Every structure is written in structure tokens, then in C-alpha cells.
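# Topology and contacts: notes
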Amino acid sequence: MGKEQMKILVYSSVFYPAIGGIENHTLFLVNEFVKAGHIVKVVTEQKQDPAKPLVNVEIIHSSNVLGQLKLFFWSDLVYMPNITLKGVWLFAFNPFKKWVISHNDFSLQYTANIKAKLKKFFIARANVNIAVSQCLADFLPVPCKVIYNCYDDAIFKIYPEEKRQHDIVFVGRLVSQKGCALLIDACAELDVPYTLTIIGDGYEYESLNHKVRSKGLEDKIKFHGFKKGEELARCLNQHKIMVVPSLDVEGFGIVALEGLACGCNMIVSEAGGLAEAVKGHAYTFQMGDKKGLLDALKKCLDPNTLPISNEADKTAYLQDHSRKKVAEYYLETFKNALNR
């Protein structure tokens, strides 16, 4: 790519091979940056597995001070998925180094300690701040460019051989803020036949199991544990409806994109950027509103209800959230920062 090739240093506390929203999204971007012809190196606190190296990407541990300095001077631009104060010291050696930060959650708005104040001080000095949703951008104390997150479009897609033999599916950590208990309570009041599959694990597993048993819903609601990758995608293809009933604001909602891509009718709570993730392609309800959720479930379970959006619009929407397309938005932002 000649002069257009960029040397990008990604500085992220969490990264591959760990699994999580930021970890997965950052990995998608890194791989797409490399595919586009750029050189990418990573500094992270995440220990690497020698048996599972990342191809064409040098990764060093954040304890390697000299290694960090070498990569910092080598790079054209530093990209941080969520600001980490452990990487800020590098800019003392070159305060003019181009710096882009993406923001994935609301933690800076709801924390008032000295650490959060320092982060707010430093993000104001970045060349570009990216927010993963407009809702999050509106809350941040600095101007932000909005770039929505991507999903793994190579895995989360329609598998024609799978049959939609089940009704409702929930995917997420079994913790209070993800709203699985609210979904169970709403399903208990449905007066039409249904099945609910709960995919995930977490500290609320036992209490949610107890709730299902106490309501006598064992024949309708099943727990399937943790799933990922193609196994999860195929499971989603077997369901008609996905519900994401979060009870706390989300920066975005990649899981909702995954469900949409697998052909599920979507029901999501208006939890920050979650509703934006499937804007115009999902039924929404206010956070914690059991009646609103129940009404949406009844609509989606009614065979006479028309789809909320047409296939052509949905396909175009999903293409705009593919790994390649979102990486292009980031690379364009990086190039603009370098050319200022």
C-alpha cells in the first residue's frame, strides 16, 4: 500500500485470547487492519497462549517497559479501545503522537473517583474520541465520532439447514443487570404456547433455576449453558425470537446484531446503545418494564404479526456492521487523524 500503509499500536488492557465484548471487537479490528495491508502491534495485560499465536501481529505484555517504548516510537498512531491510564505515560516521550480512543461503556459517567477524573483529563487530549453509539457519545464530556461496533459476520449468519423449531432465546451472562429474571417473569404470564432457551452462565444461575422451578415452568424454560462461535450461531438459527432485556445501560449490543444476523425477530430493552444496535429492526421496551416486554413477546409469538423490517433493509444494515466495513470506518478515522 506504499505511503498509505499505517503502523498502528493497539494498547488494550484486555485482549485475545480472553473472551468478551471489547476483547472480541478489538480482535476483529486488528485482523481487518492487517488484511487491509497495515502493520499492527499490540500491548496488553492479557497473557498470551503460545499454542494459539495471533498470525502477523506482534503482541507484548504491558510489563515490558522497554518493549512498549520501542513500539510507541515505531508507531504512526496509538489506538486504545477504552482508555487505560497504564499506557498514558508513553505520551510524555512524544505528546504529539497521534492518539485515538474508542469508548465502549458508560463507566466514565458513573464514576467520580480520581482515576475517572484522570481519564477524563487525558481523553480530552486525544486526537479523536470514538463512541460506539450516539447515546454514549451524548454522555461523554468530549466530542466523539460515532462508529458502531461490528459483529462476526463470517459466523453469525443464516444456516439454511437449521430449522426454527424453538421460540424464544436469551444469550448473556446470568447476572442481574442482564435481565434474565425479568424475561422469566414475563414468560410466566404468557397465555400462548412457547419455549424459552437460556444460553449463558453466571452467579445467578441457581437463583434463576429456582425461579423457573417455583413457577412450574421446567417444561417450557431450559438452560443450555455457555455457547460460542458456530455452535451459538446455529442455536440462534433454531429460534424465532431473541430477547435482550438488559436492566442497565449498555454502550452497544453486539449480541443483538448476532441475533438479527441469525434471522431472529428481536426484542431489546431501551438500555443506552443497545436499542441503537438494531435500530428499526427490533421491538423495544423500557428497561425493567415487564408489561412492555410481555406485549412485545405476544406480538412476536403471534403468527399474524408482520416482520418489523424487510429483508433488503436488514441485509444492508447488517453489511454496514460487518467486520470489514467497521474496520474501514476506523482506518478512515486514523488516516484523517494522521493528516491533520
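Please read all numbers here as calculations on a predicted model, not as lab measurements. Residue numbering note: each chain is counted from 1, following its sequence as written. Totals for whole chains, interfaces and linings use every residue, but because this is a predicted model, local features are given only for residues with pLDDT of at least 70 and side-chain atom pairs only at 80 or more, for both listing and counting. Computation of side-chain values: all heavy atoms of the structure, hydrogens and water removed.

### What to know about helix H1 (residues 21-35)
The criterion, for reference: Secondary structure elements are taken from DSSP: a helix is a run of H or I of four residues or more, a strand is a run of E of two residues or more, and numbering for both begins at the N terminus. Helix span is expected to be 1.5 Å times the residue number reduced by one. Accessible area is worked out with a 1.4 Å probe on protein chains only. A residue is then buried under 20% of its type maximum, exposed over 50%, and partly exposed in between. Residue contacts are counted whenever heavy atoms from the two residues lie within 4.5 Å of one another.
Helix length check: H1 (15 residues) gives 21 Å between terminal C-alpha atoms against 21 Å at 1.5 Å per residue, within 8%. Those residues of H1 that fall on the buried side of the exposure criterion are Glu23, His25, Thr26, Leu27, Phe28, Leu29, Val30, Glu32 and Phe33. On its buried face, H1 is in contact with strand S1 (7-12), strand S2 (39-44), strand S4 (77-81), helix H8 (254-261) and helix H12 (323-339). At the C-terminal side of H1, Gly37 shows a positive phi close to 100°.

### Comments concerning the pairing of strand S5 (residues 98-103)
To keep things clear, this is the line we draw: When DSSP locates at least two bridges between a pair of strands, those strands are taken to pair.
Counting buried positions along S5 gives 6 out of 6 residues, so the element sits mostly inside the fold. Neither face of S5 is left uncovered, since the one carrying Lys98, Val100 and Ser102 and the one carrying Trp99, Ile101 and His103 both have all their residues buried. Bridge analysis of S4 against S5 gives 5 bridges, and the strand direction is parallel. Paired with Tyr79 across the bridge in S5 is Val100.

### So, the state of the cysteines
Rules: Disulfides are defined in this document as cysteine sulfur pairs within 2.5 Å.
Tallied over the full model, the rule gives 0 disulfides. The thiol sulfur of Cys264 is not disulfide-bonded, and the nearest other cysteine sulfur, from Cys262, lies at 6.3 Å. On the accessibility criterion, Cys264 (3% relative accessible area) is buried.

### Notes on the sheet that holds strand S13 (residues 282-285)
To keep it simple, the criterion reads: Only C-alpha atoms enter the line fits that serve as axes; for helices the fit covers just the stretch in contact. Angles between N-to-C directions range over 0 to 180 degrees.
One open sheet accounts for 6 strands, arranged S10-S9-S8-S11-S12-S13; its pairing is parallel. For this open sheet the edge positions go to strand S10 (221-225) and S13, each flanked by a neighbour on one side alone. Each strand of the sheet is rotated relative to its neighbour by a mean of 25°, with strand direction disregarded. Two elements, strand S12 (residues 265-269) and S13, share 4 bridges in a ladder whose sense is parallel. Residue pairing across strands places Val268 opposite Thr284, the latter belonging to S13. Contacting strand S8 (166-171), strand S9 (196-199), S10, strand S11 (239-244) and S13, helix H5 (residues 180-188) crosses the sheet at an angle of about 170° to S9.

### Comments concerning the environment of Val10
Here Val10 lies in strand S1. Through-space distance from the C-alpha of Val10 to that of Val100 is 9.7 Å; in sequence the pair is 90 residues apart. In contact with Val10, not counting residues within four places along its chain, are Thr26, Val30, Val40, Lys41, Val42, Val43, Tyr79 and Pro81.

### With respect to the packing of H1 against H12
Pairs of packed helices are described in terms of their axes, by the angle between the two and the distance that separates them. The test is simple: In these notes the angle categories are as follows: under 35 degrees is roughly parallel, over 145 is roughly antiparallel, 65 to 115 is roughly perpendicular, and the rest is oblique. Under the convention adopted here, Pro, Cys and the residues Ala, Val, Leu, Ile, Met, Phe, Trp and Tyr are nonpolar, Asp, Glu, Lys and Arg are charged, and Gly plus all remaining residues are polar.
At a minimum axis distance of 9 Å, the contact between H1 and H12 shows a crossing angle of 75°. Between H1 and H12, the crossing angle belongs to the class labelled roughly perpendicular. Residues His25, Phe28, Leu29, Glu32, Phe33 and Lys35 of H1 touch H12, and the partners they reach there are Arg323, Lys324, Val326, Ala327, Tyr330, Leu331 and Phe334. Of the residues that constitute the contact of H1 with H12, the class distribution is 8 nonpolar, 1 polar and 4 charged.

### A few points about the nonpolar core
Under the convention used in this document: In this description, a nonpolar core means a group of buried Ala, Val, Leu, Ile, Met, Phe, Trp, Tyr and Cys residues linked to one another through side-chain atoms lying within 4.5 Å.
Formed by 56 residues in total, the largest nonpolar core has its most connected members in Trp99, Phe156, Leu236, Met242, Met266 and Val268. At 5 residues, the largest contribution of residues to this core is made by H8. In this structure, Trp99 is in contact with Val78, Met80, Ile83, Val88, Phe91, Phe122, Arg125, Ala126, Asn127 and Val128, ignoring residues within four places of it in sequence. Cys180, Leu217, Phe285 and Ala296 belong to the second largest nonpolar core, which has 29 residues in total.

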